[in-house]
There are 2 protein chains.
Amino acid sequence: MILSTKGRYGVKAAFDLALRFGEGPVPLKNIAERQNISDPYLEQIIAVLRKDGLVSSVRGAQGGYFLSKDPKRITVGDIIRSLEGPLAPSECVLDDQDNECIRADYCVTRIIWEKIKESIDDVINSISLQDMVDDYKRIGNNYLDTKGEDNSDQTSIS
Amino acid sequence: MILSTKGRYGVKAAFDLALRFGEGPVPLKNIAERQNISDPYLEQIIAVLRKDGLVSSVRGAQGGYFLSKDPKRITVGDIIRSLEGPLAPSECVLDDQDNECIRADYCVTRIIWEKIKESIDDVINSISLQDMVDDYKRIGNNYLDTKGEDNSDQTSIS
DNA sequence: GGAATTCCTACTAAATAACTAGGGATTAGG
DNA sequence: CCTAATCCCTAGTTATTTAGTAGGAATTCC
């Protein structure tokens, strides 16, 4: 799997927050329940997003989390990179210069790794959280609107 | 890293064989030396490619490996899928139907995983081993033509 | 004050990655 | 037929990562 549960859960949690953007802080417990993730594990995940400035928090009772910016201005790539680091197929196409391999100019396989990386980045950078919300509303489903009264088979981890 | 060393070494080895396609069996030792991979580890990798019918072998002295098909007809995707399995970002977009998640129709994140998978597949399926050989010759380098006499700094793992 | 919440650190079991080790089977060439 | 070169196969090993769990301290609303 290219993405670990961290990245996948992170995107789901971010989407959950995007759906409720502007409605005040959302308790982690609610997100975890709706997205079917264990509370303390999601806690760790969301802590990373917070440190990277993507999510903000309010402590104490009635507290919770919310997106730091408008969902239009946060991409899926922002979330994934925060949690997984850059999605490079190989070390030699990471963005930092320390990983420049010696034969970069000559390396034939490197050309391929670069193409893969570019195509992934194109996809994840082009999708904002707002796009996900729009998709969700367009599809017209409401499986997350029912607040806990019908979570019988929320087994989809995706 | 999206690709493990298996996939990366596999592509390098396959490229090495493509460069020498039609010249008879190439001993694994030579490939390992040129590509800077440990012999027994490369052995395991190439065994998988052989089982998947991408590479053939001749046993005994003067034996070795060669591509089962013309390099034009083997893609980088064939090699990678053989060694790494399908490059899916998440379970729910694997090709086999067992992994269909229950809420597939509704799952918003799934749309993203599908787009990522498609874009990766597009890239790796569109590049043949012959394309790599052509690239290599076009660039005009020859760092692998010197048969072992100058392998001082072959540290590029890429 | 008490309940709800975030915040933080440490631990752990299982899986995976990236090899290494050792030897058996096969074949070309002398 | 002998020997060296080579493929073939199984098993072990070490380190890292993954996917959590455990427990409690700090903060804030009511």
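Some words on the pairing of strand S2 (residues 64–67) of chain A
By the bridge criterion, four bridges tie strand S1 (residues 55–58) of chain A to S2 of chain A in an arrangement that is antiparallel. Across the sheet, Val58 of chain A pairs through a bridge with Gly64 of chain A, a residue of S2 of chain A.

Thoughts on the environment of Lys69 of chain A
Residue and element names in this part refer to chain A. Structurally, the position occupied by Lys69 is in the loop between S2 and helix H4 (76–84). Separated by 51 residues in the primary sequence, Lys69 and Ile120 place their C-alpha atoms 23 Å from one another. Contact partners of Lys69, with chain neighbours within four places excluded, come to Phe21, Leu54 and Ile74.

Here's the deal with the nonpolar core
Trp113 and Met132 of chain A together with Trp113 and Met132 of chain B are the most contacted members of the largest nonpolar core, which totals 92 residues. Contacts of Met132 of chain A, omitting those with residues within four sequence positions, involve Val11, Phe15, Val76 and Ile127 of chain A together with Val108, Thr109 and Ile112 of chain B.

Quick notes on the protein's contact with DNA strand D
In the vicinity of DNA strand D, 24 residues are found, and the nearest of them are Ser38 and Gln44 of chain A together with Leu28, Glu43 and Ser57 of chain B. Across the atoms of DNA strand D situated within 4 Å of the protein, the share located in sugar and phosphate is 64%. Between DNA strand D and Gln44 of chain A, the relevant distance is 2.5 Å, taken from a base oxygen to a side-chain nitrogen or oxygen of the residue. Here a base nitrogen of DNA strand D sits 2.6 Å away from a polar atom, N or O, in the side chain of Glu43 of chain B. The set of elements that each furnish at least two residues to the surface near DNA strand D consists of helix H1 (5–19) and helix H3 (39–51) of chain A together with helix H3 (39–51), strand S1 (55–58) and strand S2 (64–67) of chain B. Of the residues in the surface near DNA strand D, the class split is nine nonpolar, eleven polar and four charged.

Overview of the pattern of salt bridges
Pairing between side chains of opposite charge can happen when their charged atoms approach one another. Per the stated rule, a full pass over the model turns up twelve salt bridges over all chains. Of the charged contacts, one joins Glu114 of chain A and Arg110 of chain A as a salt bridge, the two residues approaching to 3.0 Å between their closest N and O atoms. Of this pair, Glu114 of chain A and Arg110 of chain A both sit in helix H5 (residues 108–126), separated by four residues, roughly a single helical turn. The exposure class of Arg110 of chain A is buried, given its relative accessible area of 10%. For Asp16 of chain B, the salt bridge is made with Arg20 of chain B, and the minimal N-O distance between the two is 3.1 Å. The residues Asp16 of chain B and Arg20 of chain B share a single accessibility class, namely buried. Through salt bridges with shared partners, a single network forms among Asp16, Arg20 and Arg34 of chain A.

What counts as what
Residues numbered from 1 in each chain as written. Chains lettered and ligands numbered in written order. Predicted model: local features only at pLDDT ≥ 70, side-chain atom pairs only at ≥ 80, totals over all residues. Heavy atoms only, no water. Pairing = 2+ DSSP bridges. Helix = DSSP H or I, 4+ residues; strand = E, 2+ residues; numbered from the N terminus. Contact = heavy atoms within 4.5 Å. Core = buried A, V, L, I, M, F, W, Y, C linked by side-chain atoms within 4.5 Å. Buried < 20%, exposed > 50% of the residue type's maximum accessible area, 1.4 Å probe, protein only. Near = heavy atom within 4 Å. Polar contact = N/O pair within 3.5 Å; in protein donor to acceptor, adjacent residues only side chain to side chain. Nonpolar A, V, L, I, M, F, W, Y, C, P; charged D, E, K, R; others polar. Salt bridge = Lys/Arg side-chain N within 4 Å of Asp/Glu carboxyl O.

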